[in-house]
Amino acid sequence: MQWTDRIRQVKIWLVVVAIAITATSLYVSHRLVSDLQTEERTKMEIWAEAMRAFTEADEQTDLSLVSKVIEGNNTIPVVVLSNDGEVLDYSNIDDTTNLAKRFLDIGDTIRISNYQLLCYDESTMLKRLTQYPYWALGIVTIFVVVAIFALLASKRAEQNKVWVGLSKETAHQLGTPISSLMAWVEVLKEAYPDDELIPEMANDVKRLERIAERFSKIGSLPEPVDTPMQDVLDHVISYMDKRTSQKVTIKGHYPNHPVIARINASLFEWVFENLCKNAVDAMEGGSGKIDLWLLEEDDIVAVEVVDTGKGIRKKDVKNVFRPGFTTKKRGWGLGLSLAKRIVEEYHHGHIFVKVSEPGRGTTFRIELKAKR
């Protein structure tokens, strides 16, 4: 199982736990609000009974307890209406506009007598308590989201520092043996001037020097210059053609005029080489072809790398640029991640999987702003 799948599972479990906590909180608050609503209903029934006793009392009736009950309601808005909708009495209400209609629309009513109707609304405290869980959950959700983004940003920054440090140290360590190899190649040229293999060895040493240079540039802003894209693609095709099985053909397709883009050629060759190597691996030792199409569309320069490999599964397309994701038995899953960084962060372009069909192949597309 890929580590990206594990991360996805962890995220799913976190979401499930968050939903469970949210549902539990809402259920508990709902029960509490329901209990308080029942309690206020009971208080209003007692208040209505007190009003009934008050209206039916004669001169000999002791109304002290009744008065305490009626005056004891300091929180629940209440209106007493006649059968004709006339307001006979009200309590705990600041806005007296359209009292009858407003409270009849609420629907919480208790019959006091044949000609009196009590209407009441929830207390301010109950209304606040009803809204409180949603406000609290909203604040907690915002806090959790901000915390997750902060943690992810911190983790990415830490990973970036590790990779930058590792790359620069690799370039530094390669420097000494490359210098030594260059010196030995010069010695061999003098000793065997007619040997045809020595120039190839020199080319490979220069290649190592270029790779070390690429590693040294990771983490620092490259210096883009106006570069003919045909030359960059020709270098990649020439390099890959010599190091790829004869069963695989690599061809470039260009416009009839030079196409100029502002890039760092060394880093962009790395991007195209990585895409070509992945395409060769996708053919799994069989025959196939890789076509590099250089296109000009409006104000962009685009390069499409089209292969006839095994393709990418639909569920994996969105993960191919994630660090550590790979479908190979052996691989670090960093090539496409670095390619994305080179294209998008260093050159402000865009790289994506244009189309991929299992068993038929994949097309990667890179878009850059055209040089005007």
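The structure displayed is predicted, hence computed values, not measured ones.

Novice: Just to check I follow, could you spell out the sheet that holds strand β11 (residues 361-369) for this structure?
Specialist: To summarise the sheet geometry, strands pair through backbone hydrogen bonds and adopt either a parallel or an antiparallel arrangement. On the basis of which strands lie adjacent, the open sheet formed by five strands has the order β6-β8-β9-β11-β10 and mixed pairing. The sheet terminates laterally at β6 (248-253) and β10 (350-357), the two strands that pair on one side only. Averaged over neighbouring strand pairs, the angle between their axes works out to 15° when direction is ignored. Where β6 lies against strand β8 (residues 288-297), six bridges are found, and the strand directions are parallel. Within the sheet, the bridge partner assigned to Gly 252 lies in β8 and is Leu 292. Helix α6 (residues 229-242) contacts β6, β8 and β9 (300-307) of the sheet and is inclined by roughly 170° relative to β6. The strands touched by helix α7 (residues 265-282) are β6, β8, β9 and β11; relative to β11, the strand with the most contacts, the crossing angle is about 170°.

Novice: Looking at this model, I keep getting lost on the packing of aromatic side chains. Mind explaining?
Specialist: Under the criterion given, the structure shown has two aromatic pairs. The interplanar angle of 55° and the centroid separation of 5.7 Å between the aromatic rings of Phe 268 and Phe 272 together place this pair among those described as tilted. With Phe 268 and Phe 272 both in helix α7, this residue pair falls four residues apart, about one helical turn. Since its relative accessible area comes to 0%, Phe 272 is described here as buried. The ring of Phe 321 has Lys 340 lying over it, and the distance from NZ or CZ to the ring centre is 5.1 Å.

Novice: Whenever I open this one, the nonpolar core confuses me. Can you help?
Specialist: Side chains of a nonpolar character, in soluble globular proteins, are inclined to be buried together. Counting 41 residues, the largest nonpolar core has Met 229, Phe 272, Ile 290 and Ile 366 as its most contacted members. With residues up to four places along the chain from it excluded, the contact list for Ile 366 reads Phe 268, Val 271, Phe 272, Leu 275, Val 301, Ala 302, Val 303, Val 343, His 350 and Ile 351.

Novice: Explanation requested: the packing of α6 against α7 in the structure shown.
Specialist: Contact pair α6 / α7: the axes reach a minimum separation of 9 Å and the direction vectors enclose 45°. Accordingly, the angle class assigned to the pair α6 and α7 is oblique. Where α6 crosses over α7, the handedness of that crossing is right-handed. Contact residues: Met 229, Val 232, Leu 233, His 235, Val 236, Tyr 239 and Met 240 in α6; Ala 265, Glu 269, Phe 272, Glu 273, Cys 276 and Lys 277 in α7. Residues of the contact of α6 with α7, tallied by class, amount to nine nonpolar, one polar and three charged.

Novice: What's the story with the environment of Met 201 in this structure? I'm lost.
Specialist: Mapped onto the secondary structure, Met 201 falls in helix α5 (residues 197-217). For Met 201, a relative accessible area of 39% translates into the label partly exposed. The sequence separation of Met 201 and Val 185 amounts to 16 residues, and the corresponding C-alpha distance is 7.3 Å.

Novice: How do you make sense of helix α3 (residues 99-106) when you look at a structure like this?
Specialist: The α-helix winds at 3.6 residues per turn, so residues separated by three or four positions along the chain end up facing the same way. If you check which residues of α3 are buried, you get Leu 99, Ala 100 and Phe 103. Seen end-on, α3 carries its buried residues on one side only, within an arc spanning 90°. When the buried face of α3 is taken as reference, the exposed residues oriented beyond 90 degrees from it are Lys 101 and Asp 105. Considering only its buried residues, α3 is in contact with β1 (78-82), β2 (87-91) and β4 (116-120). A positive phi of about 90° marks Gly 107, the residue just after α3.

Novice: What am I meant to see in the sheet that holds β4 here?
Specialist: Pairing is antiparallel across the open sheet formed by four strands, whose spatial order is β2-β1-β4-β3. Only two strands of the sheet have a single partner each, and these edge strands are β2 and β3 (109-113). Along the sheet, successive strands turn relative to each other by an average axial angle of 20°, direction set aside. The pairing of β3 with β4 spans four bridges and is antiparallel.

Novice: How should the pattern of salt bridges be read in this particular structure?
Specialist: Close approach of charged atoms allows side chains with opposite charge to pair. This model, assessed by the stated rule, comprises 18 salt bridges. Residue Glu 49 is joined to Arg 52 by a salt bridge in which the shortest nitrogen-to-oxygen separation is 2.3 Å. Of this pair, Glu 49 and Arg 52 both sit in helix α1 (residues 3-56), separated by three residues, roughly a single helical turn. The residue Arg 243 makes a salt bridge to Asp 204 at a minimum N-O spacing of 2.6 Å. With Arg 243 in the loop between α6 and β6 and Asp 204 in helix α5, this pair connects stretches of sequence that are 39 residues apart. A network of salt bridges, in which partner residues are shared, links Glu 297, Glu 304, Lys 354, Arg 365 and Glu 367.

Novice: So what exactly am I meant to see when it comes to the side chain of Thr 244 here?
Specialist: Considering the arrangement of structural elements, one finds Thr 244 in the loop between α6 and β6. Taking the relative accessible area as the measure of exposure, Thr 244 reaches 9% and is therefore buried. If near-sequence neighbours (up to four positions away) are discounted, Thr 244 is found in contact with Ile 250 and Val 280.

Novice: Mind showing me how you'd approach α7 here?
Specialist: Look at α7: 26 Å from first C-alpha to last across 18 residues, which is about the 26 Å you get at 1.5 Å a residue. Within α7, 13 of the 18 residues are buried, which leaves the element mostly enclosed by the surrounding structure. Measuring from the backbone nitrogen of Ser 266 back to the side-chain oxygen at the start of α7 gives 3.3 Å, which picks out Asn 264 as the cap. Directly beyond the C-terminal end of α7, a positive phi value near 50° is found at Glu 284.

Rules and cut-offs
- Residues numbered from 1 in each chain as written.
- Predicted model: local features only at pLDDT ≥ 70, side-chain atom pairs only at ≥ 80, totals over all residues.
- Heavy atoms only, no water.
- Pairing = 2+ DSSP bridges.
- Helix = DSSP H or I, 4+ residues; strand = E, 2+ residues; numbered from the N terminus.
- Axes fitted to C-alpha atoms, helices over the stretch in contact; angles between N-to-C directions.
- Contact = heavy atoms within 4.5 Å.
- Phe/Tyr/Trp six-rings, centres within 6.5 Å; stacked < 30°, edge-to-face > 60°.
- Buried < 20%, exposed > 50% of the residue type's maximum accessible area, 1.4 Å probe, protein only.
- Lys NZ or Arg CZ within 6 Å of the ring centre and 35° of its normal.
- Core = buried A, V, L, I, M, F, W, Y, C linked by side-chain atoms within 4.5 Å.
- Parallel < 35°, antiparallel > 145°, perpendicular 65-115°, else oblique.
- Left-handed = near helix turned anticlockwise from the far one by under 90°.
- Nonpolar A, V, L, I, M, F, W, Y, C, P; charged D, E, K, R; others polar.
- Arc of directions from axis to C-beta.
- Salt bridge = Lys/Arg side-chain N within 4 Å of Asp/Glu carboxyl O.
- Expected span 1.5 Å × (residues − 1).
- Polar contact = N/O pair within 3.5 Å; in protein donor to acceptor, adjacent residues only side chain to side chain.

In short, geometric facts, not functional conclusions.
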